[in-house]
Amino acid sequence: MDIQQRYKSVLQVLKNYNQQHLLNFWDVLDNSERVKLLNQIEDIEFSSLAQKIDRYVINPVGTILPKSFSAAPAYPAKPKTDEQKKKYHEAIELGKELISAGKVAAFVVAGGQGTRLGFDGPKGDFPISPIENKTLFRIFAETVKAAGKKYGFEPVWYVMTSPLNHGQTLGIFARNDYYGLKKEDIFFFPQGTEVNYSADGKILLAEKDELAVSPDGHGGSLKALYKSGAVADMKDRGIEYISYFQVDNPLINIFDPLFVGLHAMDGAQMSSKSVFKSGPLEKVGNFCLADGKVTVIEYSDLAEELAQKKKPDGSLVFSMGSIAIHMINRSFVDALNNKGFALPYHKAVKKIPCIDIQSGRKIEPDSPNGIKLETFVFDALPLAEKSIILETIRSEEFAPVKNAEGADSPAVTKQMMIALAVSWLHSAGIEVPKKADSSPDCIIEIAPSFAICREDVTAVRDKILPIKPGDMIYLE
Ligand code: UTP
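Report follows, based on the coordinates.

What counts, and where the lines are drawn
Residues numbered from 1 in each chain as written. Predicted model: local features only at pLDDT ≥ 70, side-chain atom pairs only at ≥ 80, totals over all residues. Heavy atoms only, no water. Helix = DSSP H or I, 4+ residues; strand = E, 2+ residues; numbered from the N terminus. Rg over C-alpha atoms; globule rule 2.2 N^0.38 Å. Buried < 20%, exposed > 50% of the residue type's maximum accessible area, 1.4 Å probe, protein only. Contact = heavy atoms within 4.5 Å. Areas by Shrake-Rupley, 256 points an atom, 1.4 Å probe, with all protein chains shown as cover. Lys, Arg positive; Asp, Glu negative; His and termini not counted. Charge placed at Lys NZ, Arg CZ, Asp CG, Glu CD. Near = heavy atom within 4 Å. Polar contact = N/O pair within 3.5 Å; in protein donor to acceptor, adjacent residues only side chain to side chain. Nonpolar A, V, L, I, M, F, W, Y, C, P; charged D, E, K, R; others polar. Expected span 1.5 Å × (residues − 1). Arc of directions from axis to C-beta. Core = buried A, V, L, I, M, F, W, Y, C linked by side-chain atoms within 4.5 Å. Pairing = 2+ DSSP bridges. Right-handed = clockwise from strand over helix to strand, strands pointing away. 1 Å grid on protein atoms, 1.4 Å probe; cavity = no way out; pocket = protein on both sides within 12 Å on 5 of 7 lines; lining within 4 Å. Points joined across faces, edges and corners; volume = space filled by probe spheres on them. Axes fitted to C-alpha atoms, helices over the stretch in contact; angles between N-to-C directions. Parallel < 35°, antiparallel > 145°, perpendicular 65-115°, else oblique. Left-handed = near helix turned anticlockwise from the far one by under 90°. Phe/Tyr/Trp six-rings, centres within 6.5 Å; stacked < 30°, edge-to-face > 60°. Lys NZ or Arg CZ within 6 Å of the ring centre and 35° of its normal.

**So, the overall build of the chain**
Next up, step 1: Along the backbone of the chain there are 14 helices and 20 strands.
Next up, step 2: By the compact-globule yardstick of 23 Å for 476 residues, the chain fits well, its C-alpha radius of gyration being 24 Å.
Next up, step 3: Counting every position in the chain, which comprises 476 residues, the buried fraction comes to 52%.
Next up, step 4: Across the chain, the fraction of contacts at a sequence separation of at least 24, relative to all contacts at a separation of at least 6, is 75%.
Next up, step 5: Summed over all atoms, the accessible surface of the chain reaches about 22,300 Å², with 50% contributed by carbon and sulfur.
Next up, step 6: Averaged over its 56 positive side-chain charges, the chain has a centre that lies 2 Å from the centre of its 61 negative ones.

**Some thoughts on the site of the ligand**
Next up, step 1: Val-109, Gly-111, Thr-115, Gln-191 and Lys-402 are the nearest of the 17 residues found near the ligand.
Next up, step 2: At a separation of 2.5 Å, an oxygen atom of the ligand approaches a polar side-chain atom of Thr-115.
Next up, step 3: Isolated, the ligand exposes 560 Å² of accessible area, and the fraction of that covered by the protein chains is 89%.
Next up, step 4: Grouping the constituent residues of the shell around the ligand by class yields 5 nonpolar, 9 polar and 3 charged.

**What to know about helix 1 (residues 3–16)**
Next up, step 1: Over its 14 residues, helix 1 extends 20 Å from the first C-alpha to the last, a length consistent with the 20 Å expected when each residue adds 1.5 Å.
Next up, step 2: If you check which residues of helix 1 are buried, you get Arg-6, Tyr-7, Val-10, Leu-11 and Leu-14. Along the axis of helix 1, the buried positions cluster into a sector of 130°, meaning they face one direction only. Structural note: helix 1 exposes Lys-8 and Asn-16 on the side pointing more than 90 degrees away from its buried face.
Next up, step 3: Its buried side turned inward, helix 1 meets helix 2 (31–42) and helix 3 (46–58).
Next up, step 4: You can read the cap of helix 1 off the contacts: a side-chain oxygen lies 3.0 Å from the backbone nitrogen of Gln-4, and it is on Asp-2.

**Re the nonpolar core**
Next up, step 1: By size, the foremost hydrophobic cluster in this structure holds 75 residues, and its most contacted members are Phe-140, Trp-157, Phe-173, Phe-255, Leu-425, Ile-444 and Ile-446.
Next up, step 2: The dominant element in this core, judged by the number of residues it contributes, is helix 5 (residues 136–151), at 9 residues.
Next up, step 3: The residues touching Phe-173, leaving out its near neighbours within four places in the chain, are Phe-137, Trp-157, Val-159, Tyr-178, Tyr-179, Ile-186 and Phe-188.
Next up, step 4: Core analysis: the second largest hydrophobic core is formed by 36 residues, Ala-72, Phe-107, Val-296 and Leu-336 among them.

**Regarding the pairing of strand 19 (residues 443–446)**
Next up, step 1: Here 4 bridges tie strand 19 to strand 20 (residues 472–475), and the two strands are oriented parallel to one another. Across the sheet, the residue bridging to Ile-443 is Met-472, located in strand 20.
Next up, step 2: As for the winding sense of the linkage, the β-α-β connection from strand 19 through helix 14 (residues 454–459) to strand 20 is left-handed.

**Regarding unusual backbone geometry**
Next up, step 1: Even without being glycine, Asn-18 reaches a positive phi, approximately 60°.
Next up, step 2: Inspection of the secondary structure assignment puts Asn-18 in the loop between helix 1 and helix 2.
Next up, step 3: Taking the relative accessible area as the measure of exposure, Asn-18 reaches 45% and is therefore partly exposed.
Next up, step 4: Of note in the backbone geometry, Asn-133 takes a positive phi value of approximately 55° without being a glycine.
Next up, step 5: With respect to the element layout, Asn-133 can be found in the loop between strand 2 (104–109) and helix 5.

**What about empty space enclosed by the protein?**
Next up, step 1: Tallying each qualifying case throughout the model produces 1 cavity of 30 Å³ or more.
Next up, step 2: When its volume is computed, the largest cavity comes out at roughly 40 Å³.
Next up, step 3: Of all the elements in the fold, those that place two or more residues in the lining of the largest cavity are strand 9 (241–246) and strand 13 (320–329).
Next up, step 4: Considering only residue class, the lining of the largest cavity consists of 6 nonpolar, 3 polar and 2 charged.

**Side note on the packing of helix 8 (residues 230–237) against helix 11 (residues 330–339)**
Next up, step 1: Orientation of helix 8 relative to helix 11, taken along the N-to-C sense of each, is 140°, at an axis distance of 10 Å. As far as their axial angle goes, helix 11 and helix 8 are oblique. In the crossing of helix 8 with helix 11, the sense of the turn from one axis to the other is left-handed. The segment helix 8 lies against helix 11, with Val-231, Met-234 and Lys-235 engaging Arg-330, Val-333 and Asp-334.

**Comments concerning the environment of Asn-16**
Next up, step 1: With respect to the element layout, Asn-16 can be found in helix 1.
Next up, step 2: Along the primary structure Asn-16 and Ala-232 are separated by 216 residues, whereas in three dimensions their C-alpha atoms are 38 Å apart.

**Details of the packing of aromatic side chains**
Next up, step 1: All told, the structure shown has 17 aromatic pairs when counted by the stated rule.
Next up, step 2: Seen in terms of ring centroids, Phe-153 and Phe-255 are 5.5 Å apart; in terms of plane orientation they differ by 70°. Their pairing is edge-to-face. With Phe-153 in the loop between helix 5 and strand 3 (157–161) and Phe-255 in the loop between strand 9 and helix 9 (257–265), this pair connects stretches of sequence that are 102 residues apart.
Next up, step 3: For Phe-255, a relative accessible area of 3% translates into the label buried.
Next up, step 4: An aromatic cluster is present here, built from Phe-107, Tyr-158, Phe-187, Phe-189 and Tyr-244 joined pairwise through their rings.
Next up, step 5: In this arrangement the basic side chain of Lys-208 is found over the ring face of Phe-25, its NZ or CZ atom lying 5.8 Å from the centre.
Next up, step 6: One Lys or Arg, Lys-223, reaches over the ring of Phe-341 and ends 4.8 Å from the middle of that ring.

In structure tokens form, the structure reads like this:
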């Protein structure tokens, strides 16, 4: 079809959906700009567009909560009964076997836009370690490499980007020589995107020849893993379990034998780690059980009365918060995609730079003006036949960098990294100088090449020299 024919047929479709403004600037575009715009418009799934706009943009019904639900049970961070102790021991052994056999792969979702942090570039390139200023990507890469050495396998790392940061991310890895990993053992793929809308359901233009789009949420990873060939690659390499984590959490324990082992022993398809919420209204999802399925109910959807509800011992009924750490079976992702699945959309009202469709002027909004639609990975939990939850200790595994300042800021994350390093040294019987308020009077950074978990430090404790007040010590 030549370009005029394409134009005519696209215009007709757009008219049917009341979106013909997307071609308002056709006359001022050159040939390549016209092709670019038509390609983008032709990629829109028009069959579901009207329903999507109605249901999620114009008349959002909000989340439909299950009729009845209760708090989901979780394995405690430390086993309590003898039976549990035995199970944890067996799970750790099984987890180590599966990791050593190369059955577990690392998977980071790094397609987000990191708007709250306001960092110029992919968030994985943000420097965070307290002494060496290692970036998030470097910390994960070194952890992956160290795990390979520790367990004796060739680790593979899947990195999901978005079309908006894919090229930049590839450039960062190339410039850093893949942080010492083999290039062929890192599989990069971009997630999908969703177009952005005005409040009245009109698709926004980012430029006269370009639709405004944003990544389709971390839930998009379940489709992108399949579409990109990552799942097929996993099959070829004999990988069965996907260790899913976020790009913003440098404390992540990527290859955790206990988590892998419990997940595998219980025959789960998608499992999660949780932490005790810091308070009833903490802004994290709540692990619930509805119809026998694990389900995450967002903090904003849980009635305050339920969020505040206490057990007779005074602890919260809904106490387990979701921290976006999952173990996912490769076969689960495969099966979801083979039979076709859809996660619900969540609407986010955001500042979206766009083109005024009458004047063609660029609008740089200073307050939210548009709507992004995203899917969330935890919405796939109820699709799993079996799903377990393992509680973990926040200070050991969860210190996300979200905001430039205040809670979840780089300053807090760095302090948590130091505190964890100090706690590992303590466990190994090493004295760490303290200030009067009992905070550490030193800065410690532990390289993954030195230790990737508490027990590793004990094994090399003899290499650590005495620590003096005010010391800055990098252990590698
Ligand atoms: P966040 O929910 O923190 O979103 O992502 P964000 O886009 O990074 O940051 P803000 O909200 O704009 O400040 C949690 C994790 O999910 C990934 C992020 O990269 C991060 O690891 N993510 C999020 C994606 O990979 N794709 C998305 O579309 C959204």
